[in-house]
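Analysis of the macromolecular model
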Amino acid sequence: MYGFGLLIRKTEELLLQLFSQGLLSGTTHTCLGQELCQMSVVRALSDPEDVVLSNHRNHGHFLTYSGEFGGLLAEIMGREAGVCGGIGGSQHLAYRHFHSNGVQGGMSAIGAGHALAIKRRNGNAIVVAIVGDGTLGQGLLYESMNLSAVWDVPMLFVVENNGIAQTTPTSETIGGSIEQRGSAFGLKTWRLDDSAPDFLEQAEAVVDEVRFSRHPGFLIIDTCRLGPHSKGDDLREVSEMARIRERDPLMRVGRSLADAERRAIEESVAEFIELAHQSALNSPEAQAAEPRKHIFASPPRPEPSEGPKSEKRNVRSAINTALNELLEGDPEVIVLGEDLHDPYGGAFKVTAGLSTKYPGRVLSTPISEAGVTGAGIGLALAGFHPITEIMFADFVTLAMDQIYNHAVKFPGMFPDAAVPLVIRTPSGGRRGYGPTHSQSPEMLMSSVPGLTVVFPSRRHDPAQILRDAVLRWPYPTIFFEHKLLYSQIVDPAGYRAAPADADDPGADLFPTLIGGSQDPDVTIVCYGAGVEVAENVAAKLAEEEIEVEIVIPALLAPLPRKSMLDLLQQRERILLFGEGNLDSGFAAELGAALHEAGHRGAFQRVGPPPVPIPAARSLEAQVLPDEEALFDAAVHMILKTGFASA
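For every chain, the first residue of the written sequence is number 1, and numbering continues from 1 along that sequence. Residue-level local features of this predicted model are given only where pLDDT is at least 70; pairs of side-chain atoms are given and counted only at 80 or more, and the full residue set underlies all totals for whole chains, interfaces and linings. Hydrogens and waters are ignored; side-chain quantities use all the structure's heavy atoms.

1. Overview of a negative patch on the surface
The criterion, for reference: Only residues whose relative accessible area exceeds 30% and that form no salt bridge enter a patch; like-charged residues are grouped when within 9 Å of one another, and nonpolar side chains (Val, Leu, Ile, Met, Phe, Trp, Tyr) when within 5 Å. Accessible surface is estimated by sampling points in the Shrake-Rupley manner with a 1.4 Å probe; for residues, cover comes only from the protein chains shown. Think of a salt bridge as a Lys or Arg side-chain nitrogen and an Asp or Glu carboxyl oxygen that are within 4 Å of each other. Positive charges come from Lys and Arg alone, negative charges from Asp and Glu alone, with His and the N- and C-terminal ends not counted. Charged groups are reduced to one reference atom each: NZ for lysine, CZ for arginine, CG for aspartic acid, CD for glutamic acid. The secondary structure listing takes helices from DSSP runs of H or I that are at least 4 residues long and strands from runs of E that are at least 2 residues long, numbered from the N terminus.
Taken together, the side chains of Asp 519, Glu 543, Glu 544, Glu 545 and Glu 547 define an acidic patch exposed on the protein surface. In this fold, Glu 544 is placed in the loop between α19 (530-543) and β17 (548-553).

Here it is in structure tokens:
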């Protein structure tokens, strides 16, 4: 106990020394004084499938789990021999079933999903999610505790209660009782002190109880931090620090040993740490073989499983059929979302009939967008194919941390970590739902590096696109469904798929369609429900003898750059039409790509102004662009550039 705790402490002291020498990459958060606390739960884990999800102060957890002392030193020094090749640094570590992240509480919902996966597979493993007491101010933690209780999964939440966040005492930021936070969700709750003589045995008993009961629990460990939050930000009084040093559990264990035994351990630890130090110093700085352009690899894909096609199906029925086929064909497909159960079947009835047919695999969840998205990430990391539904696309922003800081980071940082998560969500206006239920946030989501954004139209086969997103694309994907399309019939209407450039990730699975004139005066690029508007405008322009081509991408991000440039580079006039804000995302990126490629024609975006969408239908119609706006833009572009160039 003393030897391993001392190994952790000497590693942490060395890291602070290396920082003062300018040899560290970025920051570091040591666990000085908390070594036994950080060892306790992790060392009690006994199943190789146990999952540990840690936070920014993670070194003791990681070293207890992995034993990779040299790998940790090299990682934080930014060296090639780093356990994550220098990508993760101090806060973001991955090793088998260990993951940590610097966002406070961000891993807790992922743990709930991991634990649900273990429960569904009838495994013996458990999930441990470790946070500090400062994290008790984060709402996602409570969403996760609620999910773990509702799902009754084998998960242990551990709060390392050192009484201080960065520099603020948590007595000033935490209201009420810490214990009552666990019991409020029906979690069995324990409180231990890491200075107790039998502390490690007590912690092991808690882990065993969670494992054997298969119920979630909440463990508080009272501990004290000897070192600063990160490096030089310790503002505590000298008297307080003296009290903490006197309490020091690790040194108390050392003093209980015979002098000769203690000295032998200390000499052995010093020798081991120096060897690890020299090994890290001798490792070259981390370098990629070639700079990565994106997070997407080209993994082998299973053959597509095409379901029945019928031009008489509407989009709602097509997606429902695809979900049914996915659930029937793969026992590790799980559908999560609010009010999905029968007889309701979701706000737009897309999941009607599925909860009855697949009990336990179509789960109605709390109103907890961030928690459910995080749970989807955990299920995906565990090898499941989760499909989460967010009731309105406006609410995707509630899950932004899980998408931006977690879902896309796993495959981005750790190539072996696939996250085949699909988030379905109804988007768009023209139904009078008002400012927070009518937005089209695809532009916002298209700006998230590494996130796949798909927005099919009724001219695509939305069922096939959904099947491919779930089974053949191992990256986080948002699948937008415009509300107006649900009742429209799926009909290819003579459109053909454009060639997909091999350098465009996902362009082959999520195709771009082309229709209309092959020698156009105007090319309209649109998607989702914008296609019907574009088609109606094309018919009106044809009456004026103006030839129109319509280009309908299903993939908005990553931008299918080369494929789109091959289609549009020689076009004289390009109009991009959509309901989403045009100031960023797909529309702006496509225009920038054309400009950078030397496009010499005209390019214009037609979309709404950056104002809230009103509830009154008359006011909504004034904000959202319609056929008249698109028609006028096309005519104005032709008048401005002249027919001679066409």
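Okay, back to it.
2. Remarks on the sheet that holds strand β1 (residues 51-54)
Stated formally: DSSP calls a pair of strands paired once it identifies at least 2 bridges connecting them. Whether two residues are in contact is decided by their heavy atoms, any of which lying within 4.5 Å being enough. Lines fitted to C-alpha atoms define the axes here, with helix axes fitted over just the stretch in contact, and angles between the N-to-C directions of these axes take values from 0 to 180 degrees.
One open sheet accounts for seven strands, arranged β2-β3-β1-β4-β5-β7-β6; its pairing is mixed. Two strands lie at the open edges of the sheet, namely β2 (94-95) and β6 (188-193), each paired on one side alone. Sheet analysis places β6 next to strand β7 (residues 217-222), joined by six bridges and oriented parallel. Residue Leu 192 lies in a different strand from β7, and its bridge partner there is Ile 221. Across the sheet, helix α6 (residues 139-151) is in contact with β4 (127-132), β5 (155-161) and β7; its angle to β5 comes to roughly 150°.

3. Description of the sheet that holds strand β12 (residues 452-454)
In spatial order, the strands read β9-β8-β10-β11-β13-β12-β18; together these seven strands make up an open sheet with mixed pairing. If you trace the sheet from one side to the other, it starts and ends with β9 (362-364) and β18 (555-557), each paired once. Along the sheet, successive strands turn relative to each other by an average axial angle of 20°, direction set aside. Across six bridges, the pairing between strand β11 (residues 422-427) and strand β13 (residues 477-482) is parallel. By the bridge assignment, Arg 424 is partnered in β13 with Phe 479.

4. Overview of the packing of α6 against helix α14 (residues 369-381)
We apply this condition: Rotating anticlockwise by less than a right angle from the far helix to the near helix defines a left-handed crossing, while the corresponding clockwise rotation defines a right-handed one. By the convention adopted, Pro, Cys, Tyr, Trp, Phe, Met, Ile, Leu, Val and Ala count as nonpolar, Lys, Arg, Asp and Glu as charged, and the other residues, Gly among them, as polar.
Where α6 meets α14, the closest approach of the two axes is 9 Å, and the angle between their N-to-C directions is 65°. With respect to the hand of their crossing, α6 and α14 are arranged in right-handed fashion. Seen from α6, the contacting residues are Leu 140, Glu 143, Leu 147 and Trp 151; seen from α14, they are Glu 369, Ala 370, Gly 371, Val 372 and Ala 375. Classifying every residue of the contact of α6 with α14 by side-chain character gives six nonpolar, one polar and two charged.

5. Notes on the pattern of salt bridges
Quick note on the threshold: Each residue is placed in one exposure class: buried if its accessible area under a 1.4 Å probe, protein chains only, is under 20% of its type's maximum, exposed if it is over 50%, and partly exposed if it falls in between.
Applying the stated rule across the entire model yields 27 salt bridges. We note a salt bridge from Glu 179 to Arg 191, for which the minimum N-O separation is 2.9 Å. Here Glu 179, found in helix α7 (residues 178-184), pairs with Arg 191, found in strand β6; they are 12 residues apart in sequence, far enough to count as distant. By relative accessible area, Arg 191 is classed as partly exposed at 38%. Notably, a salt bridge pairs Glu 209 with Lys 188, separated by 2.5 Å at the nearest N-O pair. In this pair, Glu 209 sits in helix α8 (residues 199-213) while Lys 188 sits in strand β6, placing the two residues 21 residues apart along the sequence. Glu 209 sits in the partly exposed class, given a relative accessible area of 32%.

6. Things to note about the pairing of β5
Put simply, the test is: Call a crossover right-handed when, viewed with both strands pointing away from you, the route from the first strand across the helix to the second goes clockwise.
Counted residue by residue, β5 has seven buried out of seven residues, so it is predominantly covered. Here β4 pairs with β5 via six bridges, running parallel. Note that in β5 the partner of Ala 129 across the bridge is Phe 157. Chirality of the crossover, the property in question, places the unit of β4, α6 and β5 among those that are right-handed. With six bridges connecting them, β5 and β7 associate as parallel partners. Following the sheet pairing, Phe 157 is matched in β7 by Phe 218.

7. Comments concerning the packing of aromatic side chains
Applied cut-off: Side-chain rings of Phe, Tyr and Trp (the six-membered ring for Trp) are treated as a pair once their centres are within 6.5 Å; stacked means planes under 30 degrees apart, edge-to-face means over 60, and tilted covers the remaining angles.
Applying the stated rule across the entire model yields 18 aromatic pairs. When the centroid spacing of 5.5 Å and the interplanar angle of 70° are considered together, the rings of Phe 348 and Phe 392 count as edge-to-face. With Phe 348 in the loop between β8 (333-337) and α13 (354-357) and Phe 392 in the loop between β10 (385-389) and α15 (400-407), this pair connects stretches of sequence that are 44 residues apart. Each member of the pair Phe 348 and Phe 392 is classed as buried. Centre to centre, the rings of Tyr 527 and Phe 586 are 6.0 Å apart; their planes meet at 90°, and the pair counts as edge-to-face. Placement of the pair is Tyr 527 in the loop between β16 (522-525) and α19 and Phe 586 in helix α21 (residues 586-596), with a sequence separation of 59 residues. What makes Tyr 527 buried here is its relative accessible area of 4%.

8. Focus on unusual backbone geometry
At the junction of Asp 342 and Pro 343, the peptide bond is cis and its omega measures out at 5° in the coordinates. Along the polypeptide, Pro 343 turns up in the loop between β8 and α13. Here the amide bond leading from Ala 557 into Pro 558 is cis, since omega sits at -5°, within 30 degrees of zero. Backbone geometry at Asp 152 places phi at a positive 55°, although glycine is not the residue there. Counting through the fold element by element, Asp 152 comes out in the loop between α6 and β5. Among the residues examined, Asp 152 registers a relative accessible area of 29% and is labelled partly exposed.

9. Some points on helix α4 (residues 69-76)
With seven of eight residues buried, α4 is to be regarded as a mostly interior element. Buried within α4 are the following residues: Phe 69, Gly 71, Leu 72, Leu 73, Ala 74, Glu 75 and Ile 76. Buried-residue contacts for α4 involve α1 (2-20), α3 (59-66) and α11 (259-282). Of the residues trailing α4, Gly 78 is marked for its positive phi of about 75°.

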